[in-house]
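Commentary on secondary and tertiary structure
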Amino acid sequence: MTDGWEWDETLFAGAATHYERGRLPYAPGLVPLLADVLGLDGTGRLLDVGCGPGTLALPLAPLFAEAVGVDPDPGMIAEAVRRAAGGAAAARTRWVRMRAEELPAGLGTFTVAVFAQSFHWMDRDLVARTVHGMLRPGGALVHVSDLKGERRDTAGLSYPAVPYAAIDELVRAYLGPVRRAGRGVLPDGTPDGEAAVLARAGFLDPERHVVPGGRALERDEDTVVACVFSMSWSAPGLFGPHRAAFETDLRRTLRTYSPTGRFSERAPSTEVFVWRRTDPQRWSHATGTG
């Protein structure tokens, strides 16, 4: 991870129940794209590493014989179990509370491993090597995130834009000027450079896909509050005894921008990188090792 920071179990403390309502959705074409690119046909096994409350594993589960979600946060696993219960995906899904660094943990081999905005929290070199070994020949590691650097136009929306700058200022007023992350801080944010990490693990020649976003989303005050509490840097557990006061001030701030409590924004596009598992012999020739 980042120098000077270590993962701890409070990273998303209290955030899980806010995910489903608050987080911006992935672009609606994501699941069809993955089905087409990966040739998903209801067979094989999916490993979702850092699965959260099943945000991606649940819609993907019908395309596999089994989907296994792994996450270290007990609240996330509980939410995933709750959301899967009683649905068609329940018989196809399994949820395991553990850190990615504890893999393979006897979970077997998989056709696809997906990391949806989770890889940056892990010991990436260790996890990438381990997951490479857990994939069947021809399998793929899929890295999913919002499209970075995208400008989401607010023109023509029905309601005021979500005042993200004002929200960030309020969070800093309560938690300090340096980004919080569990019991530690991340002054420089989370790391990037996934391509180099995955190349070192033996994944070559990624395929990049962008699933367009841009549709107008209407967000009420409660949804925006849930979005704030779903983020690692403003998870409910970080506020301690000041959580209620922060939420009161947050709602007051939101009302100054929209007295009706209604907001609009554009949904982000989704960026996908598909890294195929390489044959070990091919990899040794390509890298000059072995």
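Let me sum up the structure you'll find in this document. (Residues numbered from 1 in each chain as written. Predicted model: local features only at pLDDT ≥ 70, side-chain atom pairs only at ≥ 80, totals over all residues. Heavy atoms only, no water.)

Counted according to the given criterion, the structure contains 22 salt bridges. Its salt-bridge partner being Arg251, residue Glu247 comes within 3.1 Å of it at the nearest N-O pair. Separated by four residues within a single helix, Glu247 and Arg251 lie in helix H9 (residues 243-257), roughly one turn from each other. The exposure class assigned to Arg251 is partly exposed, which follows from its relative accessible area of 23%. (Salt bridge = Lys/Arg side-chain N within 4 Å of Asp/Glu carboxyl O. Helix = DSSP H or I, 4+ residues; strand = E, 2+ residues; numbered from the N terminus. Buried < 20%, exposed > 50% of the residue type's maximum accessible area, 1.4 Å probe, protein only.)

Interaxial distance between helix H8 (residues 221-229) and H9 falls to 11 Å at its minimum, and their mutual angle equals 130°. Overall, the two elements H8 and H9 adopt an arrangement that is oblique. Considering how the two elements wind past one another, H8 and H9 form a crossing that is right-handed. Together, Glu221, Asp222, Val224, Val225, Val228 and Phe229 of H8 and Arg243, Phe246, Glu247, Leu250, Arg251, Leu254 and Arg255 of H9 make up the contact between the two elements. A per-class count over the contact of H8 with H9 returns seven nonpolar, no polar and six charged. (Axes fitted to C-alpha atoms, helices over the stretch in contact; angles between N-to-C directions. Parallel < 35°, antiparallel > 145°, perpendicular 65-115°, else oblique. Left-handed = near helix turned anticlockwise from the far one by under 90°. Contact = heavy atoms within 4.5 Å. Nonpolar A, V, L, I, M, F, W, Y, C, P; charged D, E, K, R; others polar.)

With that settled, consider the packing of aromatic side chains. Aromatic ring pairs: the centre-centre distance and the angle between the two ring planes describe each pair. Summed over the entire model, instances satisfying the criterion amount to nine aromatic pairs. An angle of 80° between the planes, with centres 5.3 Å apart, marks the rings of Tyr174 and Phe246 as edge-to-face. Highlighted residues: Tyr174 in helix H6 (residues 164-175) and Phe246 in helix H9, separated in sequence by 72 residues. In this structure Phe246 comes out as buried when scored by relative accessible area, which is 0%. With centroids separated by 5.9 Å and ring planes inclined at 65°, the aromatic side chains of Phe229 and Phe246 adopt a geometry described as edge-to-face. Of the two residues, Phe229 is situated in helix H8 and Phe246 in helix H9; the sequence distance between them amounts to 17 residues. Each member of the pair, Phe229 as well as Phe246, is classed as buried. Connected via pairs of aromatic rings, a cluster forms that spans Trp5, Phe12, Tyr19 and Trp121. When the ring centre of Phe229 is taken as reference, the NZ or CZ atom of Arg243 above it lies at 4.5 Å. (Phe/Tyr/Trp six-rings, centres within 6.5 Å; stacked < 30°, edge-to-face > 60°. Lys NZ or Arg CZ within 6 Å of the ring centre and 35° of its normal.)

The residue Leu47 is located in strand S1 (residues 45-49) in this model. Judged by its relative accessible area of 1%, Leu47 falls in the buried class. Distance from Leu47 to Tyr174, taken between C-alpha atoms, is 37 Å for residues 127 residues apart in sequence. Setting aside residues no more than four positions away along its own chain, Leu47 makes contact with Val68, Val70, Leu103, Leu107, Phe110, Val112, Ala113, Val114 and Met134.

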